[in-house]
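Residues per chain, in single letters:
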Amino acid sequence: MGNRKSIFITGGASGIGREVAIYFAQRGWFVGIADVSETGMQETLSLVEGSFKYSHKLDVRYREQWQEALAAFATAAGGQIDVVFNNAGIGHGGPIADQPNEEVVDLLDVNLKGVIYGAQEAYPYLKVAGPGSALINTSSLAGIVGAPNLSVYCATKWAVRGLTNSLDAEWAKDGIKVASLCPGFIDTPIIEQTASESNRTVKEDLIEAGVEVSPVSTVPEVVWKAIHGEKLDYTVGKTASRLFFLSRFLPARLRKQMRGQGIGTEKI
């Protein structure tokens, strides 16, 4: 494989994972994608340039599947994994008092346990890859602010940022970069998973409220910067950047906004 770097991407069957796979392949990386959707993965691979690509079915909730998928990709990539993009996630919303138990369990299993398992199983590979290797965890705008009707989803995404901060300190001695990706509202299927019963889409509601919905094509460059940069948190989109700033420097104002208007941030 020479000096070709490799990246393993979960949630690679659609959305952010797909765009990141395409972007990195265009820059000469060996790209591995993992997902529960084999059909989606094949669609992604058809869009990825070149022959240095690989897919593996993976349900991130199960540690043994992580072990199998990473071992197989490492073999395919010539023995080394330089970056693991811990990106797979799901979204459910609604008042917490009404949220079904199965949704709570699924959110915790996929968005939190899946990320923890990914970090644990990726560590030996990233350590061997040495300085310059990286673990990038997908958090969210919901990991920056506590939005109403997204409480469990927010809890998982805040936890991902906490995990990232801890691993940044823990793995520094190994030369492994750890960072979190914090997208705002990105035009991917996941934003519709948080919808309650309605004849409208979440995207339509957000646009009407004046909230920015960024194209998914804006994400891969930020992932690239996260791998090669020095920060812990990398926001995507103006809304996420603005709320991250307010959370640090004007928290009372942000809290008032969240309590009064929810996720509509156009007046901040």
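Being a predicted model, the structure only gives us computed values, none of them experimental.

A. Seen up close, helix H2 (residues 38-47). If you check which residues of H2 are buried, you get Gly40, Met41, Thr44 and Leu45. The buried residues of H2 occupy an angular sector of 140° when projected down its axis, which confines them to one face. For H2, exposure combined with an orientation more than 90 degrees from the buried face picks out Thr39 and Ser46. On its buried side, H2 packs onto helix H1 (15-26), strand S2 (30-35) and strand S3 (53-57).

B. Representation of the sheet that holds strand S4 (residues 83-86). The strand order S3-S2-S1-S4-S5-S6-S9 describes an open sheet built from seven strands, whose pairing is parallel. Edge positions in the open sheet fall to S3 and strand S9 (233-236), since each of these has one partner strand only. On average, each strand axis in the sheet is tilted by 20° relative to the strand beside it, whichever way the strands run. Bridge count between strand S1 (residues 6-10) and S4: three bridges; the pairing is parallel. Within S4, the residue paired with Ile9 across the bridge is Phe85. Strands in contact with H2 are S2 and S3; relative to S3, the strand with the most contacts, it is inclined by about 175°.

C. How the structure looks around the nonpolar core. Formed by 35 residues in total, the largest nonpolar core has its most connected members in Phe8, Val84, Leu135 and Trp171. With seven residues, helix H4 (residues 101-129) is the single largest residue contributor to this core. Apart from the residues within four sequence positions on either side, Val84 is in contact with Phe8, Leu70, Ala122, Leu126, Ala134, Leu135 and Ile136. Judged by nonpolar contacts, the second largest core, of 30 residues, contains Ile9, Ile33, Ile136 and Tyr234.

D. Spotlight on the side chain of Thr138. Tracing the sequence through the fold places Thr138 in strand S5 (residues 134-138). Setting aside chain neighbours within four positions, we find Thr138 in contact with Phe85, Asn86, Asn87, Lys157, Val160, Leu181 and Pro183.

E. Seen up close, the pattern of salt bridges. Under the definition given, this model contains seven salt bridges. Note that Glu121 and Arg63 form a salt bridge whose closest N and O atoms lie 2.9 Å from each other. Here Arg63 lies in helix H3 (residues 63-76) and Glu121 lies in helix H4, a separation of 58 residues in the sequence. Taking relative accessible area as the criterion, Arg63 reaches 28% and is therefore assigned partly exposed. Glu221 is the partner of Lys225 in a salt bridge, and the nearest nitrogen-oxygen pair spans 3.9 Å.

F. Quick peek at unusual backbone geometry. At Asn149, a position not held by glycine, the phi torsion is positive, near 70°. Note on placement: Asn149 falls in the loop between S5 and helix H5 (151-170).

G. Broad picture of the pairing of S3. One ladder, built from five bridges, connects S2 with S3; its direction is parallel. Along S3, the bridge assignment pairs Ala34 with His56. Crossover handedness for the path S2 to H2 to S3: right-handed.

H. Structural context of the packing of H1 against H2. Interhelical geometry of H1 versus H2 gives an angle of 30° and a closest axis separation of 9 Å. Classified by the angle their axes make, H1 and H2 are roughly parallel. As for the relative orientation of H1 and H2, their crossing is right-handed in sense. Contact residues: Arg18, Ala21 and Ile22 in H1; Gly40, Glu43, Thr44 and Leu47 in H2. Of the residues assigned to the contact of H1 with H2, the class counts are three nonpolar, two polar and two charged.

What counts, and at which threshold
- Residues numbered from 1 in each chain as written.
- Predicted model: local features only at pLDDT ≥ 70, side-chain atom pairs only at ≥ 80, totals over all residues.
- Heavy atoms only, no water.
- Buried < 20%, exposed > 50% of the residue type's maximum accessible area, 1.4 Å probe, protein only.
- Helix = DSSP H or I, 4+ residues; strand = E, 2+ residues; numbered from the N terminus.
- Arc of directions from axis to C-beta.
- Contact = heavy atoms within 4.5 Å.
- Pairing = 2+ DSSP bridges.
- Axes fitted to C-alpha atoms, helices over the stretch in contact; angles between N-to-C directions.
- Core = buried A, V, L, I, M, F, W, Y, C linked by side-chain atoms within 4.5 Å.
- Salt bridge = Lys/Arg side-chain N within 4 Å of Asp/Glu carboxyl O.
- Right-handed = clockwise from strand over helix to strand, strands pointing away.
- Parallel < 35°, antiparallel > 145°, perpendicular 65-115°, else oblique.
- Left-handed = near helix turned anticlockwise from the far one by under 90°.
- Nonpolar A, V, L, I, M, F, W, Y, C, P; charged D, E, K, R; others polar.

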